[in-house]
Amino acid sequence: IHCIDSIAMIEVLGFNLEQSPGVVNIVVSPLAGEDINLYGVLTISSSIKIFVPWSDRAKALSLIKGELGKFVK
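Let us look at the structure shown here. (Residues numbered from 1 in each chain as written. Predicted model: local features only at pLDDT ≥ 70, side-chain atom pairs only at ≥ 80, totals over all residues. Heavy atoms only, no water.)

**Let's talk about the overall build of the chain**
Secondary structure summary: the chain contains two helices and three strands in total. Scanning the chain from its N terminus toward the C terminus, one meets helices and strands in the order β-α-β-β-α. Taken against the 2.2 N^0.38 rule, which gives 11 Å for 73 residues, the C-alpha radius of gyration of the chain at 12 Å falls within 12% of a compact globule. Reported as C-alpha extents along the three principal axes, the dimensions of the chain are approximately 40 × 25 × 15 Å. Counting across all 73 residues of the chain, residues that qualify as buried make up 26%. In the chain, the proportion of contacts linking residues at least 24 apart, taken out of those at least 6 apart, comes to 64%. (Helix = DSSP H or I, 4+ residues; strand = E, 2+ residues; numbered from the N terminus. Rg over C-alpha atoms; globule rule 2.2 N^0.38 Å. Buried < 20%, exposed > 50% of the residue type's maximum accessible area, 1.4 Å probe, protein only. Contact = heavy atoms within 4.5 Å.)

So, in C-alpha cells, the structure goes:
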C-alpha cells in the first residue's frame, strides 16, 4: 500500500473521447511544459482522470482548459 498526501484529481469528460487519437497527449503535454508532476493518468471510456499535486491543481486545470478550449467549435 502506498499513500501520497495532497493529490488533486482533474477529470476530463467528453463524448467519444476514446475515439480521438492523441487526446491524452493534448491534455498532459502543457503540464509537462510547466513542470507539473503527474502522479497518474487513468483513461476509461469517455473520461481522462489526471492526478497532480494539490498545490498545482489550479494551474493544471487552467492549462488543460486552455488546451481543450482550442478545439471547441
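Still more to cover.
**What about the pattern of salt bridges?**
Within the structure shown, the criterion is met by two salt bridges. For the salt bridge of Lys 49 with Glu 11, the shortest nitrogen-to-oxygen distance reads 3.6 Å. You can see Lys 49 sitting in strand β3 (residues 47–53) and its partner Glu 11 sitting in strand β1 (residues 7–13), a full 38 residues away along the chain. (Salt bridge = Lys/Arg side-chain N within 4 Å of Asp/Glu carboxyl O.)

**Things to note about the side chain of Ser 47**
Structurally, Ser 47 is set in strand β3. Reaching out from Ser 47, the side chain makes a polar contact with the side chain of Glu 11 at a distance of 3.0 Å. The contact partners of Ser 47, leaving out residues within four places of it in the chain, are Glu 11, Val 12, Leu 13, Leu 17 and Leu 42. (Polar contact = N/O pair within 3.5 Å; in protein donor to acceptor, adjacent residues only side chain to side chain.)

**Digging into a nonpolar patch on the surface**
Taken together, Val 24, Leu 38 and Val 41 make up a surface patch of nonpolar side chains, about 180 Å² in accessible area. With respect to the helices and strands, the residue Val 41 is situated in strand β2 (residues 40–44). Owing to a relative accessible area of 37%, Val 41 belongs among the partly exposed residues under this scheme. (Patch = residues over 30% accessible without salt bridge, like charges linked within 9 Å, V, L, I, M, F, W, Y side chains within 5 Å. Areas by Shrake-Rupley, 256 points an atom, 1.4 Å probe, with all protein chains shown as cover.)

**Examining the pairing of β1**
Looking down a regular strand, the side chains alternate between one sheet face and the other. Burial along β1 is one-sided: the face carrying Ala 8, Ile 10 and Val 12 is buried and the face carrying Ile 7, Met 9, Glu 11 and Leu 13 is not. Alignment of β1 against β3, held across seven bridges, turns out to be antiparallel. Within β3, the position partnered with Ala 8 by the bridge is Val 52. (Pairing = 2+ DSSP bridges.)

**Things to note about the sheet that holds β1**
Reading across from one edge, β1-β3-β2 is the order of the three strands in this open sheet, with antiparallel pairing throughout. Since the sheet does not close on itself, it has two edges, and those belong to β1 and β2, each with one partner. Taken over all neighbouring pairs, the strand axes of this sheet differ in orientation by 15 degrees on average, direction set aside. Relative to β1, helix α2 (residues 57–69) is tilted by about 15 degrees, and along the sheet it contacts β1 and β3. (Axes fitted to C-alpha atoms, helices over the stretch in contact; angles between N-to-C directions.)

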